[in-house]
Amino acid sequence: MTALALRGPYWVTVRQYRRTLWLTGAAVAASLAVVGGLRIWEGRDRASASFPYEQRLGYDMLRGALEQLSYGMIALPLLVGAFVAGPLVAREFESGTYKLALTQSIGPAVWLRSKLLTAAGVSVGATLALIAVYRLGWTRVSTSWGFHWADLGPYEAGGIVLVGYALFAVAVGALVGQLIRRTVIAMAVTGGIVGLTMLALGALRWNLLAVETVTGPAKENASVVFAPDNGMLVDQGLLGVSGKRLSGWFCTPDTPPGAACRPDEPIAAQYVDYHPQSHFWPTQLIESGILLALAALAVYAAFRVLRARHP
């Protein structure tokens, strides 16, 4: 939907918030310039091979930039929800300017739909662009500490789940903005709802798929079992001869005093529960599906409230 194709309330919405749109585009462009430039710098450092890779300035700068970008992207749904709830919807009711829009041969549903679709389109476009920028740099640092695919930050910024959070924030903002009709309060409430939802799903996401388990021997000179293939560690411990899971480590002659080993029970093996990297996209899709369902409910409720107050 280009600027030349915009008509009626869509054109009005874009025109009214054109500065916000320009700032959004500028932020995406700045992110691309910084990450792209640092990726080129890091690539030149990699090619030179003049000193240990982890000490290269370009590499460290790229890691720092991606870390800050991921924090900003996690906060993006909060900002989107607050903007939709406050300036986009609640302020219209608080100032009474929505009455002018409803006198221009458009109904309340068209007025709200134009705001929702415009906000959703811009949010999805900006989010996808930022995800692409993040992944452009992340591929260079994904093996370093703090950038594992399941870590907080890389998980949200590197997958489509952030689009789901953005759409959920738009829907919640439209509903809360109508219910409260006070700009600042609506922004705060929407931010709280979106933030709590992000915390709740973040705590539950790794229970959406069953973990996989690997075992290994627990005897003298045996190596500790780790999650294979860049997997995400969920649980680790020992298996007794009865099959019961036990905490702690197996004891060897080299075990230091005071270590959490289990000399008190016969140990059959050690185990590791983990999520393989192949669980990344299925988890993203399931979480996104939950968010889209919640967003659909919020949009339905928003239009119901609109019809009840403006039949």
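**Student:** I keep staring at the overall build of the chain and nothing clicks. Help me out?
**Tutor:** A tally of helices and strands in the chain yields nine helices and four strands. Starting at the N terminus and walking to the C terminus, you meet the elements of the chain as α-α-α-α-α-α-α-α-β-β-β-β-α. In the chain, buried positions account for 43% of the 311 residues. Sequence-distant contacts, at least 24 apart, represent 77% of the contacts inside the chain between residues at least 6 apart. Of the accessible surface of the chain, which amounts to about 16300 Å², a share of 64% is contributed by carbon and sulfur atoms.

**Student:** What is the right way to look at the nonpolar core in this model?
**Tutor:** Across soluble globular proteins, nonpolar side chains show a tendency to be buried alongside one another. Membership of the largest hydrophobic core comes to 63 residues, with the highest contact counts inside it found for Met73, Val84, Leu112 and Tyr134. Among the elements of the structure, helix 2 (18–48), helix 3 (57–95), helix 5 (108–141), helix 6 (154–157), helix 7 (161–180), helix 8 (183–204) and helix 9 (280–309) are those that each provide at least two residues to this core. The element best represented in this core is helix 3, accounting for 15 residues. Aside from chain neighbours lying at most four places away, what touches Val84 is Val89, Ala119, Val170, Gly173 and Ala174.

**Student:** I would appreciate a short explanation of the packing of aromatic side chains in the present structure.
**Tutor:** Working definition: an aromatic ring pair is given by the centre-to-centre distance plus the angle between the planes. For the coordinates displayed, the defined rule picks out seven aromatic pairs. An angle of 80 degrees between the planes, with centres 5.4 Å apart, marks the rings of Tyr17 and Phe83 as edge-to-face. One end of the pair, Tyr17, is in the loop between helix 1 (8–16) and helix 2; the other, Phe83, is in helix 3, and 66 residues separate them in sequence. Judged by its relative accessible area of 25%, Phe83 falls in the partly exposed class. Look at Tyr155 and Trp206: their rings are 5.4 Å apart centre to centre, the planes differ by 65 degrees, and that puts the pair in the edge-to-face class. Here the residue Tyr155 occupies a position in helix 6, and Trp206 occupies one in the loop between helix 8 and strand 1 (212–217), the gap between them amounting to 51 residues.

**Student:** Mind showing me how you'd approach the pattern of salt bridges here?
**Tutor:** Note on pairing: side chains with opposite charge can pair once their charged atoms come close. Under the counting rule described, the total for this entry stands at five salt bridges. When the shortest N-O distance is used, the salt bridge between Arg140 and Glu42 registers 3.5 Å. Taken together, the positions of Arg140 in helix 5 and Glu42 in helix 2 put the pair 98 residues apart, joining distant regions of the chain. The class for Arg140 is partly exposed, based on a relative accessible area of 23%. On the basis of relative accessible area, Glu42 is assigned to the buried category, the value being 0%. The shortest N-O distance in the salt bridge between Glu156 and Arg205 comes to 3.2 Å. Here Arg205 lies in the loop between helix 8 and strand 1 and Glu156 lies in helix 6, a separation of 49 residues in the sequence. Arg205 carries the same exposure label as Glu156, and that label is buried. Taken together, the shared-partner salt bridges in this structure form one network comprising Glu156, Arg205 and Glu287.

**Student:** Sorry, what's going on with the sheet that holds strand 4 (residues 267–275) here?
**Tutor:** Backbone-to-backbone hydrogen bonds pair the strands of a sheet. The strands run either parallel or antiparallel. Pairing is antiparallel in the open sheet, where four strands are placed in the order 1-4-2-3. Of all strands in the sheet, those with a lone pairing partner are strand 1 and strand 3 (245–246), marking the two edges. Pairing between strand 2 (residues 232–240) and strand 3: two bridges, direction antiparallel. Counted as the bridge partner of Leu238 is Leu246 from strand 3.

**Student:** Help me understand the pairing of strand 4, please; the structure alone is not making it clear to me.
**Tutor:** Across a regular strand the side chains alternate sides, sitting on one face of the sheet and then on the other. Counting buried residues along strand 4, eight of its nine residues qualify, which places the element largely inside the surrounding structure. In this sheet, strand 4 lies alongside strand 1 in antiparallel orientation, the contact comprising six bridges. Counterpart to Pro217 in the pairing with strand 4 is Ala269.

**Student:** What am I meant to see in unusual backbone geometry here?
**Tutor:** A negative phi angle is the norm for most residues apart from glycine, just as the trans form is the norm for most peptide bonds. At Asp229, a residue that is not glycine, the phi angle is positive and equals roughly 55 degrees. One can find Asp229 in the loop between strand 1 and strand 2. Here Asp229 falls in the exposed class, since its relative accessible area comes to 68%. Although it is not a glycine, Asn230 adopts a positive phi angle of roughly 60 degrees. Considering the arrangement of structural elements, one finds Asn230 in the loop between strand 1 and strand 2. Overall, the relative accessible area of 40% leaves Asn230 in the partly exposed class.

Thresholds applied
Residues numbered from 1 in each chain as written. Predicted model: local features only at pLDDT ≥ 70, side-chain atom pairs only at ≥ 80, totals over all residues. Heavy atoms only, no water. Helix = DSSP H or I, 4+ residues; strand = E, 2+ residues; numbered from the N terminus. Buried < 20%, exposed > 50% of the residue type's maximum accessible area, 1.4 Å probe, protein only. Contact = heavy atoms within 4.5 Å. Areas by Shrake-Rupley, 256 points an atom, 1.4 Å probe, with all protein chains shown as cover. Core = buried A, V, L, I, M, F, W, Y, C linked by side-chain atoms within 4.5 Å. Phe/Tyr/Trp six-rings, centres within 6.5 Å; stacked < 30°, edge-to-face > 60°. Salt bridge = Lys/Arg side-chain N within 4 Å of Asp/Glu carboxyl O. Pairing = 2+ DSSP bridges.

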